[in-house]
Amino acid sequence: FLAGMLDFLKGQNIVAEQIFYTKEGEIFARDEEEQNYLLLSVFRGAECDTKSREDMVYAVRLLAGLHNATEQYPDEVPEFVKMNPNALLLLYEKHNRELRQVRNYIRGRKQKNEFEEMFMRQFAGFFEKAQAVTEQLQNMEIREELTGFCHGDYNQHNVIFSREGVAIVNFLNFSYQIRVSDLSNFVRKMMEKNNWNTSLGMELIGAYDSVRKLKPQELSYLYFYLAYPEKFWKIANHYSHSHKAWLSGRNTEKLSKVVAQEGAREHFLQTLAGKVGNRI
């Protein structure tokens, strides 16, 4: 399916990696141990620069073009690429359970290190925001027209500025889900790299919207995705799976950065909420 989709995108003038067939006309090449391999085309060039406004704006326009192109796909959508339309709600409910587990574990420790003390000080504020987003998502009805083909992992590493054009690579997470999840993922990563710069975030959303018009409910979904304190959960999750006796000071640095950026993140979210209006 993916080989056919990538070939289809090529016909839609999207510069994307291609899957090569073997001399026998097969997708997979197998070694003596029956291990399967795919051969993918590659592009020489530079990744999207997270410090270049021009690169980032181009990348979101390219994403909108990709979404427009996939809407022209003529065949049936295979069941195996379809994701649960409530996948984000289920994910955030899981994240919330994991945050509580980390809180309970640290609360039970008699001797707390610097990271654990900081985490406990910050937990209530971040968890309140996490719960608020989750509750709002519970009341959101996902309409069929919001779903479509998605890259599944659209970030700066998978957009290559090459001689052949600006190429999109790494489609192995390609799926059929709420389409704006791709935009949400990209914007969040760019904002984390740029101290949640409000003007940058709004420009990125506007650039996407100029190529593929965002529906009101898509803007609401975008807001919920960005409003969840994802980075706080990610740091907690990393701590949960780390060797507690040899906890790296890097965790403390990352948490300090998240706390320091929270004011800028809130300012951006308020601006985005104003754009969405009373629909959230």
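Predicted model, so just to flag it, every value in this text is computed and none were measured.

**Here we look at the packing of aromatic side chains**
- One pass over the structure, following the stated rule, counts 21 aromatic pairs.
- Arranged with centres 5.4 Å apart and planes meeting at 85°, the rings of Tyr 73 and Phe 149 form a pair that is edge-to-face. One end of the pair, Tyr 73, is in the loop between helix H2 (53–70) and helix H3 (87–107); the other, Phe 149, is in strand E6 (residues 147–150), and 76 residues separate them in sequence.
- Here Tyr 73 falls in the buried class, since its relative accessible area comes to 16%.
- Here the aromatic rings of Phe 149 and Phe 174 are separated by 5.5 Å at their centres, their planes lie at 15°, and the arrangement is stacked. Taken together, the positions of Phe 149 in strand E6 and Phe 174 in the loop between strand E8 (165–168) and strand E9 (175–178) put the pair 25 residues apart, joining distant regions of the chain.
- On the basis of relative accessible area, Phe 149 is assigned to the buried category, the value being 5%.
- A residue is classified by how much of its surface remains accessible, and Phe 174, at 9% relative accessible area, is buried.
- Members of the aromatic cluster, connected to one another through ring pairs, are Phe 1, Phe 8, Tyr 73, Phe 80, Phe 149, Phe 171, Phe 174 and Tyr 176.
- Positioned over the ring face of Trp 196 is Arg 265, at 5.8 Å from the centre of the ring.

**Here's the deal with the pattern of salt bridges**
- Here the structure, examined in full by the defined rule, presents 13 salt bridges.
- Here Glu 71 makes a salt bridge to Arg 212, at a shortest N to O gap of 3.7 Å. Remark: Arg 212 occurs in the loop between helix H6 (198–211) and helix H7 (216–227) and Glu 71 occurs in the loop between H2 and H3; sequence separation between them is 141 residues.
- What makes Glu 71 partly exposed here is its relative accessible area of 42%.
- Glu 266 serves as the salt-bridge partner of Lys 129, at 3.1 Å between the closest nitrogen and oxygen. With Lys 129 in helix H4 (residues 114–138) and Glu 266 in helix H9 (residues 249–276), the pair connects residues that are 137 residues apart, well separated along the chain.
- Through salt bridges with shared partners, a single network forms among Glu 71, Arg 179, Arg 212 and Glu 218.

**Quick word on the packing of H2 against helix H5 (residues 180–193)**
- Here H2 crosses H5 at 170°, and the two axes come no closer than 11 Å. Taken together, the axis directions place H2 and H5 in an arrangement best described as roughly antiparallel. Note on element contacts: H5 touches H2 through Asp 182, Leu 183, Phe 186 and Met 190, opposite Met 56, Ala 59, Val 60, Leu 63 and His 67.
- The residue makeup of the contact of H2 with H5, split by class, is seven nonpolar, one polar and one charged.

**Considerations on the confidence of the model for the protein chain**
- Taken residue by residue, the protein chain gives an average pLDDT of 93. The fraction at 70 or more is 97%.
- Taken element by element, the predicted model of the protein chain shows its lowest mean pLDDT in strand E2 (residues 29–30) (91) and its highest in H2 (98).

**Details of the environment of Glu 141**
- Within the secondary structure layout, Glu 141 lies in the loop between H4 and E6.
- Relative accessible area serves as the criterion here: at 61%, Glu 141 is assigned to the exposed category.
- With 76 residues separating them in the primary sequence, Glu 141 and Gln 217 have C-alpha atoms 9.2 Å apart.

Rules of the game
Residues numbered from 1 in each chain as written. Predicted model: local features only at pLDDT ≥ 70, side-chain atom pairs only at ≥ 80, totals over all residues. Heavy atoms only, no water. Phe/Tyr/Trp six-rings, centres within 6.5 Å; stacked < 30°, edge-to-face > 60°. Helix = DSSP H or I, 4+ residues; strand = E, 2+ residues; numbered from the N terminus. Buried < 20%, exposed > 50% of the residue type's maximum accessible area, 1.4 Å probe, protein only. Lys NZ or Arg CZ within 6 Å of the ring centre and 35° of its normal. Salt bridge = Lys/Arg side-chain N within 4 Å of Asp/Glu carboxyl O. Axes fitted to C-alpha atoms, helices over the stretch in contact; angles between N-to-C directions. Parallel < 35°, antiparallel > 145°, perpendicular 65-115°, else oblique. Contact = heavy atoms within 4.5 Å. Nonpolar A, V, L, I, M, F, W, Y, C, P; charged D, E, K, R; others polar. pLDDT = per-residue confidence, 0-100.

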